[in-house]
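Summary of structural features
Each chain, written out:
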Amino acid sequence: MLTQSSAFGSVRRQPVRTTVAAATAAAATLVLAGCGAGSPSSSDSAPAAGGEGSGNLEQVSVGLIPITDVAPVYLGIQEGYFEDEGIDLEVQLAQGGAAIVPAVMTGEYQFGYSNAVSLLVAQDKGLPISVVSNGSSSTSEAGADVTEVAAMPDSGIKDAADLAGKTVAVNALNNFADVTIRNSMEKAGADPQSVDFVEMPYPNMPAALERGDVDAAWTTEPFRTQILDAGGTIVASPMTDLADNFDSAFYFASQETLQKNPELVERFRRALAKSFEFADANDDEVRTIIQDYAKITPELAGKVEMSKWHEDVNMDALQQLGTAAKKYGVLEKEPDYQALIAD
């Protein structure tokens, strides 16, 4: 388990600096082949801004995607928690989740955020990465989770079993959606291999559903709420079906960073722990800050489902995910969970 300090430091409002960076091509090719574009941790937008370092603080980069799940990082910068740990944290936005893994591997980012399956796949391919902190977690409420399967009322789909023989839009093939949806279908008594997945970006899913291009969509916020506003319904909650308090994504570093600068990793963990605690206690602040970096309107920000943020990694749930990923052919080997999760 990852256990961090929860003591709050002094509160100082800090500007959030954001940079767009590209990963090294050779490393990206390796990871893109296995990790896809991410999962609930994926986006096609990468707004850019810039800034200079702050005083004598250590400049550190973290690779993120502009989605609601990463709100605690922005709040932690704003409230001064990273500065309290001597860190001048620069957010670098990636075009998609797969770009973050190779950027961390090459040292372009010291830390990154990626969905759990992409990190399991990276380990399966022999990439030396380690999880240093929990990232975001399911609400554990079926029908009110951050990432779920939605369909229009005329699709004839009422639950996970009805996905058999249907076309489902997913943001990346052979990744998070495949594993969790097949698991939900099998639990509901349907053939998990009878579904047809079609890859498309999250922003394209609401219109594709309305046109009838696909029967259902594995969707995350804010697109989940947009589909509901257009008359869609939630037909499956795959993360909730997999495990209670399921962790969907993690913050990670290269094993080289862990070995060469363990003290930095501890400071980053402590700042994240404070940020998680602040986000959990200040829903209004979360819904305000996502309007800025995720480009969400105030009306939409007030309605979207928000992730939960827990310090400790739910190892039982992670092992259930890894077992399912191997069962459905996304992983070749049984994961080494102790090696994946840093002490």
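Heads up: the structure comes first, above all this text.
Below you will find a few notes about this structure. All values reported here derive from a predicted model rather than from experimental measurement. (Residues numbered from 1 in each chain as written. Predicted model: local features only at pLDDT ≥ 70, side-chain atom pairs only at ≥ 80, totals over all residues. Heavy atoms only, no water.)

1. Considerations on the pairing of strand β11 (residues 247-254)
A regular strand places its side chains so that they alternate between the two faces of the sheet. The element β11 is extensively covered by neighbouring structure, given that eight of its eight residues are classed as buried. Where strand β5 (residues 129-137) meets β11, seven bridges bridge the pair, whose relative direction is antiparallel. Bridged to S137 within β11 is D247. (Buried < 20%, exposed > 50% of the residue type's maximum accessible area, 1.4 Å probe, protein only. Helix = DSSP H or I, 4+ residues; strand = E, 2+ residues; numbered from the N terminus. Pairing = 2+ DSSP bridges.)

2. Topic: the side chain of T219
Here T219 shows up in strand β9 (residues 216-220). Overall, T219 belongs to the buried group, its relative accessible area being 0%. A polar contact of 3.3 Å, which involves the side chain of T219, links it to the backbone nitrogen of R224. Not counting residues within four places of it along the chain, the set of residues in contact with T219 comprises V146, T147, E148, A150, Y202, M205, R224 and I227. (Polar contact = N/O pair within 3.5 Å; in protein donor to acceptor, adjacent residues only side chain to side chain. Contact = heavy atoms within 4.5 Å.)

3. Overview of unusual backbone geometry
A cis amide bond links E221 to the next residue, P222, at an omega of 10°. With respect to the helices and strands, the residue P222 is situated in the loop between β9 and α8 (223-229). Phi is positive for S140, which is not a glycine, with a value near 65°. Turning to its location among the elements, S140 is positioned in the loop between β5 and β6 (147-151). Owing to a relative accessible area of 24%, S140 belongs among the partly exposed residues under this scheme.

4. Side note on the environment of I227
Secondary-structure assignment places I227 in helix α8. Once the C-alpha coordinates of I227 and A151 are considered, the two residues, 76 residues apart in sequence, prove to be 8.2 Å apart. Once residues lying within four places of it in the same chain are set aside, the contact partners of I227 are A150, P206, L209, T219 and G232.

5. Focus on the sheet that holds β6
Hydrogen bonds between backbone atoms are what pair the strands of a sheet, whose relative direction is either parallel or antiparallel. Pairing is mixed in the open sheet, where five strands are placed in the order β8-β7-β9-β6-β10. Edge positions in the open sheet fall to β8 (196-199) and β10 (233-236), since each of these has one partner strand only. Direction aside, neighbouring strands of the sheet carry axes that sit 40° apart on average. Sheet topology note: the strand β7 (residues 167-170)/β8 ladder contains four bridges and is parallel. Bridge pairing in β8 places A169 opposite V198. (Axes fitted to C-alpha atoms, helices over the stretch in contact; angles between N-to-C directions.)

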